[in-house]
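Fold and contact review
Residue-level listing of the chains:
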Amino acid sequence: MSAFIDFMEVKLISKDGFRVNEEIKAQEIRLVGETGEQLGIMSPRDAMQIAEENGLDLVEVAPAAKPPVCKIMDVGRYKYEQSKREREARKRQHLISVKEVKLRPNIEDNDFTTKIRNAIRFLEEGDKVKVTIMFRGREMSHTELGRELLARVADVVKDQGNVERSAKIEGRNMSIIISPK
């Protein structure tokens, strides 16, 4: 029986997450007018009457408050404004991805320049760069060469980015992470 009641309560809330007009089931509510002024605590029926006189809707904006806060407004306009705010927030949101540049400890100068040019381009686009030195076989006994190479990389890209994580050995790889400035 309680599952049925829970289902009925869920159905009372509109798909947008707020109750409107007759969906408000609280005994008393705090009413806020169209322009934001406090109209006091009253029953939802009286508040509905005031909203209908103004040709607007009664919307529950803070259901967790004691008593719940309801506002007199146009529901369609409220939904539009809310979706507009969400779109703007998504637009301003920028996902930072991590691009990886892989090097070998005995890399030639021209190859190094090409790889660093790519890393600088990634940093200018706003992405983080993970620079990885891959060791094979006996190269693992000369990790100091990898550290020197990573220090050289950090020195070359210091104008475009900051070293976020210093040299760290992970298995047969050594890496640093550089974040854009």
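A few points on the structure. On a predicted model such as this, the values are computed, not experimentally measured, just so you know.

Turning next to the overall build of the chain. A tally of helices and strands in the chain yields 5 helices and 8 strands. Helices and strands in the chain line up, N terminus first, as α-β-β-α-β-β-α-β-α-β-α-β-β. Against the compact-globule benchmark of 16 Å for 181 residues, the chain has a radius of gyration of 30 Å, which places it well outside the compact range. Oriented by its inertia axes, the alpha-carbon framework of the chain measures out at about 80 × 40 × 20 Å. When each of the 181 residues of the chain is scored for burial, the buried share is 31%. For the chain, the share of sequence-separated contacts (at least 6 apart) that also reach a separation of at least 24 residues comes to 55%. Carbon together with sulfur atoms contributes 49% to the accessible area of the chain, which is approximately 12100 Å² in total. Considering the chain, the positive charge centre built from 33 side chains and the negative charge centre built from 31 side chains are found 7 Å apart.

Quick look at the environment of C70 now. With respect to the helices and strands, the residue C70 is situated in strand 4 (residues 69-73). You can call C70 buried: its relative accessible area is 0%. Residues C70 and I96, 26 residues apart in the sequence, show an inter-C-alpha distance of 39 Å. When neighbours within four sequence positions are excluded, C70 is seen to be in contact with I24, I29, R30, L31, V32, L58, V59, E60 and V61.

The next subject is the packing of aromatic side chains. One pass over the structure, following the stated rule, counts 0 aromatic pairs. Directly above the ring of F112 sits R152, whose terminal nitrogen or CZ lies 3.8 Å from the centroid.

This part takes up the pairing of strand 4. Burial analysis of strand 4 places 4 of its 5 residues in the buried class, the great majority of the element. Alignment of strand 1 (residues 29-32) against strand 4, held across 3 bridges, turns out to be parallel. The residue bridging R30 from the neighbouring strand is V69, located in strand 4. As paired elements, strand 3 (residues 57-62) and strand 4 share 5 bridges and run antiparallel to each other. Following the sheet pairing, L58 is matched in strand 4 by I72. Remark: 6 residues form the turn of the hairpin made by strand 3 and strand 4, two consecutive strands paired antiparallel.

Backbone torsion omega between K66 and P67 reads -15°, so that peptide bond is classified as cis. With respect to the helices and strands, the residue P67 is situated in the loop between strand 3 and strand 4.

What follows covers the sheet that holds strand 2 (residues 38-42). Strands sit in the order 2-1-4-3 across an open sheet of 4 strands; the sheet is mixed. What marks the edges here is a single partner per strand, and that holds for strand 2 and strand 3. When the angles between neighbouring strand axes are averaged without regard to direction, this sheet yields 30°. Lying over the sheet, helix 2 (residues 44-53) contacts strand 1, strand 2, strand 3 and strand 4, oriented at roughly 125° with respect to strand 3. Contacting strand 3 and strand 4, helix 3 (residues 75-92) crosses the sheet at an angle of about 40° to strand 3.

Each value, and the rule that gives it
Residues numbered from 1 in each chain as written. Predicted model: local features only at pLDDT ≥ 70, side-chain atom pairs only at ≥ 80, totals over all residues. Heavy atoms only, no water. Helix = DSSP H or I, 4+ residues; strand = E, 2+ residues; numbered from the N terminus. Rg over C-alpha atoms; globule rule 2.2 N^0.38 Å. Buried < 20%, exposed > 50% of the residue type's maximum accessible area, 1.4 Å probe, protein only. Contact = heavy atoms within 4.5 Å. Areas by Shrake-Rupley, 256 points an atom, 1.4 Å probe, with all protein chains shown as cover. Lys, Arg positive; Asp, Glu negative; His and termini not counted. Charge placed at Lys NZ, Arg CZ, Asp CG, Glu CD. Phe/Tyr/Trp six-rings, centres within 6.5 Å; stacked < 30°, edge-to-face > 60°. Lys NZ or Arg CZ within 6 Å of the ring centre and 35° of its normal. Pairing = 2+ DSSP bridges. Axes fitted to C-alpha atoms, helices over the stretch in contact; angles between N-to-C directions.

Everything listed is a geometric property; what it means functionally is a separate question.
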